[in-house]
Every structure is written in C-alpha cells, then in structure tokens.
Amino acid sequence: SNGGCPSIQCLVNREVLCQEPAQGVTTAAHRVEKRGATPCLFGQGGTCCRNCNMGPCQIIEGVEEMIGICGATASTVAARNFARIVAAGTASHSDHARETVLAFIATAKGETPYEIKDTLKLRRMAAWLGIDPAEKDIQQLALEVGETALAEFGKQEGSLHFIRRAPQKRQEIWQELGVVPRGIDREVVETMHRTHMGVDQDFRHIFRQAARCALADGWGGSMLATELQDIMFGTPVPIRTVVNLGVLKEDMVNITVHGHEPVLAEALAMAAQDPEIIAEAKKVGAKGINLAGICCTGNEILMRRGIPIAGSFVQQEIALTTGAVEAMVVDVQCVMQSLPEIARCFHTEVITTSDRAEIVGATHVPFDHHRALEVAKDIVRRAIARFPKRGKVYIPKAKMDVVAGFSHETILYIQGGRFRASYKPLNDNIINGRILGVAAIVGCDNFRIQDEVHVELAKELIANNVLVLTTGCAATGLGRAGLLSPEAAELAGEGLREVLEAVGCPPVLHMGSCVDNSRILIAATEMVRTGGLGEDISDLPAIGCAPQWMSEKAIAIGQYFVASGASVVFGPTFPTTKSQEATDHLFKEMEEIYGARWFLAKEAKDFASIMIDQIRQKRKALGLDK
Ligand code: NFS
Ligand code: SF4
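Basis of the calculations
Residues numbered from 1 in each chain as written. Chains lettered and ligands numbered in written order. Predicted model: local features only at pLDDT ≥ 70, side-chain atom pairs only at ≥ 80, totals over all residues. Heavy atoms only, no water. Helix = DSSP H or I, 4+ residues; strand = E, 2+ residues; numbered from the N terminus. Rg over C-alpha atoms; globule rule 2.2 N^0.38 Å. Areas by Shrake-Rupley, 256 points an atom, 1.4 Å probe, with all protein chains shown as cover. Buried < 20%, exposed > 50% of the residue type's maximum accessible area, 1.4 Å probe, protein only. Polar contact = N/O pair within 3.5 Å; in protein donor to acceptor, adjacent residues only side chain to side chain. Contact = heavy atoms within 4.5 Å. Pairing = 2+ DSSP bridges. Axes fitted to C-alpha atoms, helices over the stretch in contact; angles between N-to-C directions. Near = heavy atom within 4 Å. Nonpolar A, V, L, I, M, F, W, Y, C, P; charged D, E, K, R; others polar. Donors = N, O, S within 2.8 Å, 3.2 Å for Na, K, Ca; no water. Tetrahedral: all angles 85-135°; square planar, octahedral: opposite > 155°, others 65-115°. Core = buried A, V, L, I, M, F, W, Y, C linked by side-chain atoms within 4.5 Å. Expected span 1.5 Å × (residues − 1).

**Student:** Any details on the overall build of the protein? Residues and values, ideally.
**Tutor:** Across its full length, the protein holds 24 helices and 16 strands. Since a compact globule built from 626 residues should have a radius of gyration of about 25 Å, the 24 Å found for the protein is in line with a globular shape. Its C-alpha atoms put the protein at 65 × 65 × 50 Å along the principal axes. About 22800 Å² of surface is accessible on the protein, with carbon and sulfur atoms providing 51% of the total.

**Student:** So what's going on with the environment of Thr191? Residues and values would help.
**Tutor:** One can find Thr191 in helix 8 (residues 184-194). By relative accessible area, which is 1% here, Thr191 ends up buried. Sequence separation of Thr191 and Ser551 is 360 residues, and the distance between their C-alpha atoms is 18 Å. In terms of polar contacts, Thr191 uses its side chain to reach the backbone carbonyl oxygen of Glu187, at 2.6 Å.

**Student:** Residue-level account of the side chain of Thr576, with values.
**Tutor:** Turning to its location among the elements, Thr576 is positioned in the loop between strand 15 (568-570) and helix 23 (580-594). For Thr576, a relative accessible area of 0% puts it in the buried group. The contact partners of Thr576, leaving out residues within four places of it in the chain, are Gly45, Ala78, Phe82, Ala582, Thr583 and Leu586.

**Student:** Outline the sheet that holds strand 16 (residues 598-600), supporting the account with residue identities and numerical values.
**Tutor:** As summarised here, the arrangement of the six strands in space is 13-12-11-14-15-16, forming an open sheet in which the pairing is parallel. A single partner strand is all that each edge strand has here, and the edge strands are strand 13 (508-512) and strand 16. If you compare each strand with its neighbour and ignore which way they point, the axes differ by 25° on average. By the bridge criterion, five bridges tie strand 11 (residues 437-441) to strand 12 (residues 466-471) in an arrangement that is parallel. Each residue of the ladder has a partner; that of Val438, found in strand 12, is Leu467. Contacts between helix 22 (residues 552-563) and the sheet are confined to strand 15 and strand 16, with strand 15 contributing the most and set at about 155° to the helix.

**Student:** For the site of ligand 2, give the residues involved together with the corresponding values.
**Tutor:** Within the structure, ligand 2 sits among 13 residues, and Cys49, Cys52, Cys57, Cys70 and Met197 are positioned closest to it. For the shell around ligand 2, a count of residues per class yields nine nonpolar, three polar and one charged.

**Student:** Describe the site of ligand 1, and please don't skip the residues or the numbers.
**Tutor:** Around ligand 1, the neighbouring residues are His260, Cys295, Cys296, Phe313, Cys334, Gly443, Cys444, Cys473, Cys514, Met550, Ser551 and Lys553. In terms of residue class, the shell around ligand 1 is built from eight nonpolar, three polar and one charged.

**Student:** Residue-level account of the environment of Ser338, with values.
**Tutor:** Relative to the assigned elements, Ser338 resides in the loop between strand 7 (325-330) and helix 14 (339-343). As for Ser338 and Val503, which are separated by 165 residues in sequence, their C-alpha atoms are 44 Å apart. Non-local contacts of Ser338, meaning those with residues more than four positions away in its chain, are made with Arg31 and Glu317. Reaching out from Ser338, the side chain makes a polar contact with the side chain of Glu317 at a distance of 2.6 Å.

**Student:** Describe in detail the coordination of the nickel atom of ligand 1, supporting the description with residues and values.
**Tutor:** Exactly one protein atom donates to the nickel atom of ligand 1; that atom is Cys514 (SG), 2.2 Å from the metal. In this structure, the nickel atom of ligand 1 is coordinated by four donor atoms arranged in irregular fashion, with angles at the metal of 91 to 164°. Residue position: Cys514 is located in the loop between strand 13 and helix 21 (517-530).

**Student:** Please set out helix 11 (residues 275-283) residue by residue, giving values where relevant.
**Tutor:** For helix 11, the capping residue at the N-terminal end is Asp274, with a side-chain oxygen 2.8 Å from the backbone nitrogen of Glu276. Gly285 sits one or two positions beyond helix 11 and adopts a positive phi of about 95°.

**Student:** An account of the nonpolar core is requested, with residue identities and associated values reported.
**Tutor:** If you look at the biggest cluster of nonpolar residues, it comprises 175 residues, and the most contacted ones within it are Trp219 and Trp598. Broken down by element, the residue count for this core peaks at 17 residues, all from helix 9 (residues 203-233). Among all residues touching Trp219, those that are not within four sequence positions of it are Phe162, Ile163, Arg165, Ala166, Trp174, Leu521, Ile522, Thr525, Ile537 and Ser564. Counting residues in hydrophobic clusters, the runner-up holds 34 residues, among them Leu17, Leu245, Met328 and Phe346.

**Student:** Could you give an account of helix 4 (residues 74-108), naming the residues involved and the relevant values?
**Tutor:** Here helix 4 contains 35 residues, and its C-alpha end-to-end distance of 50 Å stays within 8% of the 51 Å for a straight helix at 1.5 Å per residue. Among the 35 residues in helix 4, 27 count as buried, and that is most of the element. Two residues or fewer after helix 4 comes Gly110, characterised by a positive phi angle close to 75°.

Next comes the structure, spelled out in structure tokens:
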C-alpha cells in the first residue's frame, strides 16, 4: 500500500493516518503491513555471521557441516553478534555523554548559555570523581569535574570512577571476574577487536567482555550523561505536564525536538521563550512557539522543564502526518530515515543538527554549544517561516496529564519527606510487605508489536503491589495510558495504594530518558545501602524488563543491569536464540556468576508472571515471606 488507512492498530496513530492530511503518505505502519510481521528468521537467532569475506555464513548449532568456513561455531557467532550489539549500544550512550561532557566543560568556562544549576550535585560528583571539592569556586570545580569526566573516555588502565558507587559486594564480584571497565572507549574498541574474525573464540570469554563493555555504559557513559546533564540543566523534581499527539497546537508554530541530546533542546527551549522570537511568530499569525518532544530528547526536557511530549519512537512519523509540524529538529539515535520523505508531503522542514548525523532530504543546521542560542534561534525562525505554508491539519484530541521528574534524589524526598530524605521508608514498606517489590519497565516501542504490552504489564504489576519505575519510550506509552498520574494509584493493590496515597505519587515513576537508567542503578544501590534488603543489588526484590525493545542500546542496558545483579526480561524475541549454548550462558550461567540473568517473554501476562515470581523468590530468600 502507498499510504492510506493502514490495517495496523497503532493507538492514536491509526486515527491520524486515516485522516485526510495523511493520505498518500507511507509510514512504518504501512511498511510493516507490506513486509509482514515476520523479520528475517535466520538473522534473528544470532547465528548469521558476516564478519569476514569468506562468509556470510549461516551456522546451525549441532550440524557439523554448518559451522563457519573458519570453523566458528554457533555459540561463538551468537556471542560475537551479541557483544557487537552491546558495543554499539554502549557507543551510542557514551558518545552522547561525550557531547554532554564537552558542553559541560565549555559551560564551566562560561562559553555557553547554560549554567551550573545543581551545585550540590556538582560537589557530590566531584567527590566520586576523586576531586576534593573544598574551597574551590563553582566554575573551577565544574571545570575539574568536566576534565576528569572527559578523561574517563580515553582511560587505558585502572577502573572507571563511578564503579566505586556500586555496592561493595558487587565491586568484589566484578574484580574477581575481571570485568571492571578500564576506560569507556577502550571497552568499546576492545569488544570490536575481539569479535573480529579469528580473535576471541570462547563464547563465555566474549560474553565477559560484553559485560565489561556494558558496565562501561551503565556506570560510565550513561551515568556521566545523566549526572552532568543534571548539574547543568537541573536535577529533575516532580513536575506536571502532558503527553501524546494532542499536545500539538493548531494556532502555534509547532517544533518537535527528536533524538537524544538535551543540549540542543535546552537551547531551543530558551529561544522559544525569547520575546523577540514570539513577536516574530505573531507576525505570521501564530500565537507563539509550541515546543514538543519526541523520543528521549522529549524525556530530557519533560523531566527538567515539563515540556510536553508529542510522541514516542513509534509516533515520530505520525507527528508529521498531522500536517501541523513546522519543523522537526533531530540530533542522534532513533531518528527514522523516512522523516524527510514524509515531510515532503507537507510544509514541514526536517532539520538535522549533529555533525554525526545527516539525512538525505533534510536541512542540516550544524549545532555548536558555543553558539547554542544563535543556532537555536535560527532554527526557530526557519520554523516560523514555514507556518504560513501550512496545508490541511489534523491534530488528534488525545493527550494525557502526567507527573514526571522522579530522579533517584526525588524518590528519596518523596518517600522520606524533605527533612529526613532517605530510602528507609521505601525499604520499610518492602520489608513490611505493603510494597511487594520494584520493577523497571524500560526501553523502546516497536512497529512489530501491536499490543500495549507496557500498559497491560504495568497494570498487572501495580495490582500486585509492585512499584514500577520507567524510562524511555516505555515511559511515554505508560504516560499516554494515564499511569503516570497520581489518580492511577487506584489501580494499585491495597498495600501499594496506601503508600502512594500517603505521599500523593503515581504508581509508575518516570525516571527519565534511556541514559537515565543509570538512575535506577543508583536507586538500587541506595536501597542496598539503606539496609534490611541484603548486601547486593542481586538480593533486592527487584527486576527490569524491555518488552518491546528495538535498539541496540536496549541490549547494552539489559547486559549492564544483569551484570549489576538485576535480572531482566526482554521480548518478544532475543538475539541469541539460535544457539542454545550462548542462550544458556545468558539465561542460566549468568545467574551463577552475577546473581542475575536474562529472561525471554512474549506477552504481557508472561512478563508479569516471571517478574512477580522473581520478586517473590527474592523476598523469600531475604526471609521477608515464608
Ligand atoms: Ni531508548 Fe530513547 Fe525510545 Fe528506544 Fe530510542 S528513544 S534511548 S532507544 S526508541 S526507548
Ligand atoms: Fe564465516 Fe568465520 Fe568469516 Fe564469520 S568469520 S563469515 S563464520 S568464515
């Protein structure tokens, strides 16, 4: 089909695609329809090797004549492919972090429009980075923090500083296994080297490097991104806002910011408030500038500024087919190449901004944090110029109130009250059984999956008194469904509801973008430190999941969660399933080594039963339940 009303049921998406402005436009919904729901079955199981030019080799486990020309077995190939996925994910989070650190250093030097907002966090991070914060002025301290952070990327030996934030017992496990990451870039490069043809060919040894690389993401790149962004743009506190396509406005210049790095989005938010710019928008007949997020850039400015989110990953094309978007500004990651093609049917301009990402058919306006406001204003003006060219518009009504902004620091305050900030009340409520445990629902949404897995799963978990944490596009989906509002507490089981209503907090806590999964690592560590729930993350009645994962980053996140002691459930497919040996390592042996493992599930009810069962087993082991 070329455009038209697709058969796929995709939330509010289908509603928009069936309206007049969207006719003749082809989107991923149509492409899924055309190609069928089944991806390449052979590649999917992880045993297709293209690592050298004697191949590609299709490898079938247990069939002697179906090993690689070089002799590579299914487990080696599956482990190599898996490790390369982890490396790509780690590289993505960490290259984003690098950009953040560079902007941070420039900010410390007074060369950007940003500021050092959270000085308390600056001092705490300085201490973790081995810098004595005493008697240094803020700019000087920020510069040292920035430079030490930058050195984490190129470090060759020793260990990443933030590794020391993990529970003592976990650090000892890592030491003993030899998986303590040395430098962020080194682990990515070494993973690429070891998975080249003819290098590392023991699947367990490859998986160990995949863990070290992933840890360089979770406790390295991602954590640096989160913490330095918080220092520069403010550590999130609970904030009310709105999500879904209905946040686009008929009478305003709509600019959607899409991608991952908040440096550009923050500058756009400043530019959109500039009275001069607003006056220019009024001159063309608009009431002002309406900024709305897509994907994780959206989550970043939602968390810190309460700027609405127009959509998650699966809604990026649909946002354009409303005909109401003047400019879609993108930086890096999860940006679909189809956007400029769709924009051609409308008055919309797709603007790429990162020197690492251009798209044929888009306008490239290079972003530079030194000239952040200037570039941002230029972009906003381009959008204003498009407004008079708008054609037919269809903006759906759907939008939902949400409360977001749950950094691990605010969970501390919410649970403990401002004057006795501590995780003790949370731990106490887990110990006394009002809260059964904690689950994280993270990661992408995905055109191959039509069901609302995230939503069904979250409802099931909270009904069973499991407190849910969420990040990424999963968080946007849960927001659309109303689960990020305090009123949703009524869907919780009795114990959880009691706790939530006492503090007026939603049953699902939005903790931010995907790099902010590092907040979950710290929250888990705080729970361990607070006491009563064991000595390590692997003792906690806690588990994560990514039921609709699509990006390589999600696998890096899963691997660092598991290596940190938190089991995860992924689905509906998993990238090693064509090798039993490799899959057994991730699904069984990792449990013996790290005290946590991967699980695979398809439907919401399967996710729920695995997760609740795991939480119950951990409670039992802690002696909380019989
Ligand atoms: Ni995470 Fe966020 Fe969304 Fe998936 Fe992409 S935007 S970084 S990768 S699709 S959750
Ligand atoms: Fe085939 Fe081995 Fe080359 Fe892979 S590395 S393509 S298995 S010969």
